[in-house]
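Here is what each chain is made of, one letter per residue.
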Amino acid sequence: MSNLSGKHVLLIVSGGIAAYKTLDLVRRLRERGANVTAVLTKAAKQFVTPLSIASLSGRKVYDDLFSLTDETEMGHIQLSRGSDLVLVAPATADLMARAANGLADDLASTLLLATDKAPIFVPAMNVRMWTHPATQRNMSALRAAGCAILGPADGEMACGEFGPGRMIEPLDVIAGLEGLIAARSDASPAKPLAGRRAIVTAGPTREPIDPVRYISNKSSGKQGYAIASALAAAGAETVLVSGPVDLRPPAGVTVKPVESAVEMLDAVRAALPADIFVAAAAVADWRAKTAGLQKTKKGPDGPPTIELVENPDILATVSQMRTGRPTLVIGFAAETENLIANAQAKLARKQCDIIVANDVGAEQAIFGGDLNRVVVIDKGGAAEAWPQANKADVATRIAALVATRLDDKA
Ligand code: PMT
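What this report covers is the structure whose coordinates are included nearby. In this text the structure is predicted, and so the values were computed from the model without any measurement.

**Considerations on the pattern of salt bridges**
Stage number 1. Taken as a whole, this structure holds 25 salt bridges when the rule is applied.
Stage number 2. Among the ionic pairs, R27 bridges to D24, the shortest N-O distance being 2.9 Å. On the criterion of helical spacing, the pair formed by R27 and D24 is a turn pair, its members being three residues apart in helix α1 (residues 20–31).
Stage number 3. Residue class for R27 comes out partly exposed when judged on its relative accessible area of 38%.
Stage number 4. On the accessibility criterion, D24 (24% relative accessible area) is partly exposed.
Stage number 5. Between E178 and R32 there is a salt bridge whose closest N-O contact spans 3.8 Å. A residue pair is termed long-range when its members are at least 10 positions apart, and E178 in helix α9 (residues 170–184) and R32 in the loop between α1 and β2 (35–40) qualify at 146 residues. Neither E178 nor R32 differs from the other in exposure class; each is buried.
Stage number 6. Through salt bridges with shared partners, a single network forms among D24, R27, R28, E31, R32, E178, K222 and D370.

Okay, structure coming up:
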């Protein structure tokens, strides 16, 4: 279960094109059981409407410092104090500047000044505005005041420029909030995996055909990254061996980027020993026997024939280590048919302790999607179907299962 469950989030939305992401953010927060009360600045209302936010949050949206009705229903002091988290998303350069300098000339800035919580800012602005010394100064002042800053991300902006300044995606905001809650809470849950070491593989591998072409697959790395994050949050020292993906490194995790299956196996070997090994990567089963040194040209003989050879099986290699085998080895099975039977056969062939089976048929959208539906199969034969859930929640549950299994073996 997410540590956002039951939390009261005061969400301040300031005016930028990234405000559209707030709609999804509200949905994600509510999915995790958080209560969301939103405040919109005047500029935010140019991008999202109070009605759309209220429909998603199920609560009244506030926007006016001097509303007599609002003040009688819930004064702005109560609004700012009655929440567990104060989140500003997107946070414009202007609102951060006003917060850093203690201005209170509208409802949003007044709440930021009146709150007794350290606000969390999710910046979104043009790259030059972000890198401007004034913004960076304000950022340092906010950090020094105990505020957290999540993001921004690097990439192409709505204005056509490229660089840091994009608002991070709602799920990254959620992951950041969950990390902050765990870190901030005095009563933060015990770390059941403290003192343990984990290695996780994630993402696809890329097997070169020539300098510009490769064999790969659709894995985004989301499931593996979420597992590494959950294991780290549970206290494990975690190494994430990652194929090429477009994801931010999870907090507290050491990421070893690799391209091919052979590199992935080398990186896993280098990261051993470990207590826990989770193979969530979609490793290419085959690679080209010889990768061309130059770009393959079209010729009169028609398309080239690419001879394939089998890649090393990383999961089977680790599972079958005679010495230094991790105490718990968990594989995944990505199947498009006969889910349980094929997964059971894989578990037996590779000799892991648990296999997490997921149906990756086209209509399931597991590759690249945010949700997963898995069946967890134990080497003793027990199979448990988990309900469809966010990949982060599946990961949290896997981390809890890891902790229980390691306790059982102790
Ligand atoms: O990355 P996402 O977009 O979030 O999608 C998640 C996922 C679908 C990739 C993930 O949930 C998943 O199922 N990962 C395993 C994908 C896979 O390649 O499955 P497989 O059934 O082909 O392989 C079985 C197991 O052997 C896996 O643990 C795999 O990591 C491992 N393997 C496979 C081949 C190989 N050469 N080396 C391996 O270690």
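**What about the packing of α1 against helix α2 (residues 50–57)?**
Stage number 1. For the pair α1 and α2, the least separation of the axes is 9 Å and the interaxial angle reads 15 degrees. In terms of their interaxial angle, α1 and α2 are classed as roughly parallel. Between α1 and α2 lies a crossing whose hand is right-handed. Here T22, L23, V26 and R30 of α1 lie close against α2, whose contacting residues are S52, I53, L56 and S57.
Stage number 2. Its residues assigned to classes, the contact of α1 with α2 comprises four nonpolar, three polar and one charged.

**Quick word on helix α8 (residues 133–144)**
Stage number 1. Between its first and last C-alpha atoms α8 spans 16 Å; for 12 residues at 1.5 Å apiece the expected length is 16 Å, and the two agree.
Stage number 2. When α8 is considered as a whole, its buried residues turn out to be T135, N138, M139 and L142. Within α8, the buried residues cover an arc of 105 degrees as seen down the axis, which keeps them to one side. More than 90 degrees from the buried face of α8, the exposed residues found are P133, R137 and A144.
Stage number 3. The elements touched by buried residues of α8 are α5 (93–100), β4 (120–123), α7 (127–131) and β5 (148–149).

Here is what the cut-offs are and how they apply
Here the residue numbers are simple positions, counted from 1 along each chain's written sequence. For this predicted model, a pLDDT threshold of at least 70 governs which residues receive local features, and a threshold of 80 or more governs which side-chain atom pairs are given and counted, while totals over whole chains, interfaces and linings are taken from all residues. Remark: hydrogens and water are excluded; side-chain values derive from all non-hydrogen atoms of the structure. Here a salt bridge means any side-chain nitrogen of Lys or Arg lying within 4 Å of a carboxyl oxygen belonging to Asp or Glu. Note on conventions: DSSP H or I runs of at least 4 residues are helices, E runs of at least 2 residues are strands, and numbering of each starts at the N terminus. Between buried and exposed lies partly exposed: a residue is buried under 20% and exposed over 50% of the maximum accessible area for its type, with that area taken using a 1.4 Å probe on protein chains only. What counts as an axis is a line fitted to C-alpha atoms, over the stretch in contact for a helix, and the angles between N-to-C directions run from 0 to 180 degrees. Angle categories: roughly parallel below 35 degrees, roughly antiparallel above 145, roughly perpendicular from 65 to 115, and oblique for all the rest. Crossing handedness is defined as follows: a turn of the near helix away from the far one that is anticlockwise and smaller than a right angle gives a left-handed crossing, while the clockwise case is right-handed. Note on definitions: a residue-residue contact is assigned when non-hydrogen atoms from the two residues lie within 4.5 Å. Basically, the charged four are Asp, Glu, Lys and Arg, the nonpolar ten are Ala, Val, Leu, Ile, Met, Phe, Trp, Tyr, Cys and Pro, and anything else, Gly included, counts as polar. Helix span, as expected, comes to 1.5 Å for every residue beyond the first. Working note: the arc is built from the helix axis to C-beta atom directions.

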